[in-house]
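Observations on chain architecture
The residues making up each chain are set out below.
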Amino acid sequence: MTEIMEESKLINKQIEKYRPYLHFAPKENWLNDPNGLIYFKGEYHLFFQHNPYDDVWGPMHWGHAVSKDLISWEELDIALYPDELGTIFSGSAVVDWNNTTGFFPDEPGLVAIFTHHRDGDDNNPAEQTQSLAYSTDNGRTWSKYQGNPVLSHETKIDFRDPKVFWNEDTNNWIMTLATGQSISFYSSSNLIDWQFESEFGHNKGSHDGVWECPDLFKFKVQETGDEKWVLFVSIGDNGQSDMGSRTQYFVGSFDGSVFKEEHEDVRWLDFGKDNYAGVSFSDIPKQDGRRIYLGWMSNWRYANEVPTVGWRSQMTLPRELSLRKIEGKHRVIQMPVRELEHYFERTIDIGKINIDQGDNKKYKVNEPYYELFLEIDQNEENQFDIVLHHTPSMKTTIEVDTKCNSITLNRASSGKIDFSEMFLLEQSLKMDDSDILTLQIIVDTSSIEIFINGGTYAMTSLIFPDQTSQSVTLINKQGKLSINDGYISTPSNKNITY
């Protein structure tokens, strides 16, 4: 009996290893793309691609979780199951405030718009169609529309990931749909009958992999108040690139039918390897006014091999998005949602210090998660490392070169790494010139998210050390390192649940 109990404890310990505190992860089995992100009646809903039978990708369902603050999540029963039309691929959800569907004669409810996927065989190709389900009880139970599918295509095999929103400019529903190497736009008055509007993507942006998980939304530019439309497009892994799967974005205009980009360069949303398939929440109240985004924290190159037990994959921190014009270019800015502040308290004051060449400063941090903030004067060229010590032998190193305006993350010694050759490769980005460099680094059990210069750049990376943290060391390798301000925040007394 004692041996059975000890074995059970060991299994539980293995299952809980790497499980995050601040990020949503499933209680068990597989997770990938976030789906149906929506706010309704005081709750944030997160639906997600889920295989309830195994911890690797398999027959897709929609898992479901809810939160009051975007950080602590309660996982609920599976929302959508496969049926005779296929498995349940990615999609979105909206509130049908005006009963355009006819599903809600009494009060507004939720409508999920998703892809039905049916595998092909020797005689028939795979088929992807768009379907509806609706809920009258705040997303707890769902009824599939009897007329499914509501949208199909005779020739396109890649025809998936509908992201739908109500366009106030044209008073109709708009669907952005991933269609191979392009994004197609459709319109509808009722979510049931759809009309093709246009297709975007030929000779635009990066085509290193299949286009997936689009999202289209409007911003006011922070400095000018001008309105711009932003289109997110995730790009699947081609098996050859150093980055694997990642997300690009386009800035331009949308007239209700046609999207036109205003730039020719490729603009990446994240410079780390582990932020993919992200989309924004629908129906955030106007008095809130935020555009909140959530991504899948993994990479298709190694998503099925990461070394968790009994569960696999997690989401990024939710992020507030905005648009700024920097060096003549409109840039998407992303920062952690303000709700995260309640989970931290400032415990170590780094303050204003200078570190001479060859010297270092070390700070003990033995916590399950923490935040490191630094504001650095860049008037003098220098090179320095931020070493995040997880254990005596495990560390992640962030290398900063202000002469080259580069930041590189090296996780080759971060812990468990032998599951993927690409996991060992460095992640780097080049920054615009600036007098001040700010770094907000959030370290959880199995991840590091870096927000640079107020969210102008982001770098998201998985790590798999034996423990989160032991200490942080700032090492000045060359030049004069002048830190104007800095601190380390550790867990507050707020209880976090999964």
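It should be noted that the structure appears before, not after, this text.
Everything quoted here is computed from the prediction, not taken from an experiment. (Residues numbered from 1 in each chain as written. Predicted model: local features only at pLDDT ≥ 70, side-chain atom pairs only at ≥ 80, totals over all residues. Heavy atoms only, no water.)

Each helix and strand in the chain was counted, giving one helix and 36 strands. Against the compact-globule benchmark of 23 Å for 498 residues, the chain has a radius of gyration of 23 Å, which places it among compact chains. Based on the C-alpha atoms only, the size of the chain along its principal axes is roughly 70 × 70 × 45 Å. The buried share of the chain, taken over its 498 residues, is 60%. (Helix = DSSP H or I, 4+ residues; strand = E, 2+ residues; numbered from the N terminus. Rg over C-alpha atoms; globule rule 2.2 N^0.38 Å. Buried < 20%, exposed > 50% of the residue type's maximum accessible area, 1.4 Å probe, protein only.)

Attention now goes to the nonpolar core. Nonpolar side chains tend toward joint burial in soluble globular proteins. Core analysis: the biggest nonpolar cluster contains 51 residues, and L372, I386, L388, L439 and I441 have the highest contact counts within it. In contact with L439, not counting residues within four places along its chain, are L372, F373, L374, I376, I386, V400, I407, I450, F451 and I452. (Core = buried A, V, L, I, M, F, W, Y, C linked by side-chain atoms within 4.5 Å. Contact = heavy atoms within 4.5 Å.)

Here the focus is the environment of Y369. Inspection of the secondary structure assignment puts Y369 in the loop between β26 (360-364) and β27 (370-377). Only 3.0 Å separates the side chain of Y369 from the backbone oxygen of Y343, close enough to count as a polar contact. (Polar contact = N/O pair within 3.5 Å; in protein donor to acceptor, adjacent residues only side chain to side chain.)

One can find T179 in the loop between β10 (172-178) and β11 (183-188). Note on T179: relative accessible area 4%, which makes it buried. Polar side-chain contacts of T179 include one of 2.7 Å to the side chain of S182. When sequence neighbours within four positions are dropped, the list of residues in contact with T179 reads K156, D158, F159, S184 and E199.

The subject of this paragraph is the packing of aromatic side chains. A ring pair, where both rings are aromatic, is described by two values, the distance of the centres and the angle of the planes. If you walk through the whole model with that rule in mind, you get 41 aromatic pairs. Ring plane angle 20° and centroid distance 4.2 Å describe the contact between F103 and Y134, whose orientation is recorded as stacked. Taken together, the residues span a long stretch of sequence, with F103 in the loop between β5 (87-95) and β6 (110-118) and Y134 in strand β7 (residues 127-135) at a distance of 31 residues. What links up through ring pairs into an aromatic cluster is the set Y18, Y302, F419, F423 and F464. Here the basic side chain of R19 rests over the ring of W311, its NZ or CZ set 4.9 Å away from the ring centre. Just above the ring of F423 sits the side chain of R411; from NZ or CZ to the centre is 3.6 Å. (Phe/Tyr/Trp six-rings, centres within 6.5 Å; stacked < 30°, edge-to-face > 60°. Lys NZ or Arg CZ within 6 Å of the ring centre and 35° of its normal.)

Counted according to the given criterion, the structure contains 31 salt bridges. Here E223 and R324 are joined by a salt bridge, their closest N and O atoms 3.0 Å apart. Here E223 is found in the loop between β13 (211-220) and β14 (227-235), whereas its partner R324 is found in strand β22 (residues 319-326), with 101 residues between them in sequence. Residue classification places E223 among the partly exposed residues on the basis of a relative accessible area of 43%. Taking the relative accessible area as the measure of exposure, R324 reaches 28% and is therefore partly exposed. D237 is the partner of R301 in a salt bridge, and the nearest nitrogen-oxygen pair spans 2.7 Å. Here R301, found in the loop between β19 (291-297) and β20 (311-312), pairs with D237, found in the loop between β14 and β15 (246-254); they are 64 residues apart in sequence, far enough to count as distant. Residue R301 is classed as partly exposed on the basis of its relative accessible area, which comes to 23%. Here the salt bridges do not stand alone but share partners, grouping D288, R290, E320, R338 and E339 into one network. (Salt bridge = Lys/Arg side-chain N within 4 Å of Asp/Glu carboxyl O.)

Taken in spatial order, the six strands line up as β26-β35-β28-β29-β30-β31 in an open sheet, and their pairing is antiparallel. Of all the strands in the sheet, the pair left with one neighbour each is β26 and β31 (427-430). With strand direction ignored, the average angle separating the axes of adjacent strands in the sheet is 10°. One ladder, built from five bridges, connects strand β29 (residues 395-401) with strand β30 (residues 406-410); its direction is antiparallel. Counted as the bridge partner of D401 is S406 from β30. (Pairing = 2+ DSSP bridges. Axes fitted to C-alpha atoms, helices over the stretch in contact; angles between N-to-C directions.)

A few words now on unusual backbone geometry. Residue P149 is bonded to the preceding N148 through a cis peptide linkage, with omega at -5°. Tracing the chain through its elements places P149 in the loop between β8 (143-144) and β9 (160-167). The phi dihedral of N29 is positive, around 70°, even though this residue is not glycine. Residue N29 is classed as buried on the basis of its relative accessible area, which comes to 13%.

Within strand β3 (residues 61-67), seven of the seven residues are buried, which leaves the element mostly enclosed by the surrounding structure. The alternating pattern of β3 places H61, G63, A65 and S67 on one face and W62, H64 and V66 on the opposite face, and all of these are buried. Taken together, the seven bridges between strand β2 (residues 43-51) and β3 define a ladder with antiparallel strand orientation. Bridged to Q49 within β3 is W62. Where β3 folds back on strand β4 (residues 73-75), the antiparallel hairpin that results is connected by five residues, among which L70 adopts a positive phi of roughly 75°.

The strand order β9-β10-β11-β12 describes an open sheet built from four strands, whose pairing is antiparallel. Unpaired on one side and paired on the other, β9 and β12 (195-200) mark the two borders of the sheet. Ignoring which end each strand starts from, the neighbouring axes of this sheet average 25° apart. Across six bridges, the pairing between β10 and β11 is antiparallel. Counterpart to I174 in the pairing with β11 is S187.

With respect to burial, β7 is a largely interior element, seven of its nine residues being buried. Bridge count for β6 against β7 is nine bridges, and the pairing is antiparallel. Considered in β7, the bridge of L110 is made with S135. Sheet analysis places β7 next to β8, joined by two bridges and oriented antiparallel. Paired with Y134 across the strands is S143, a residue of β8.

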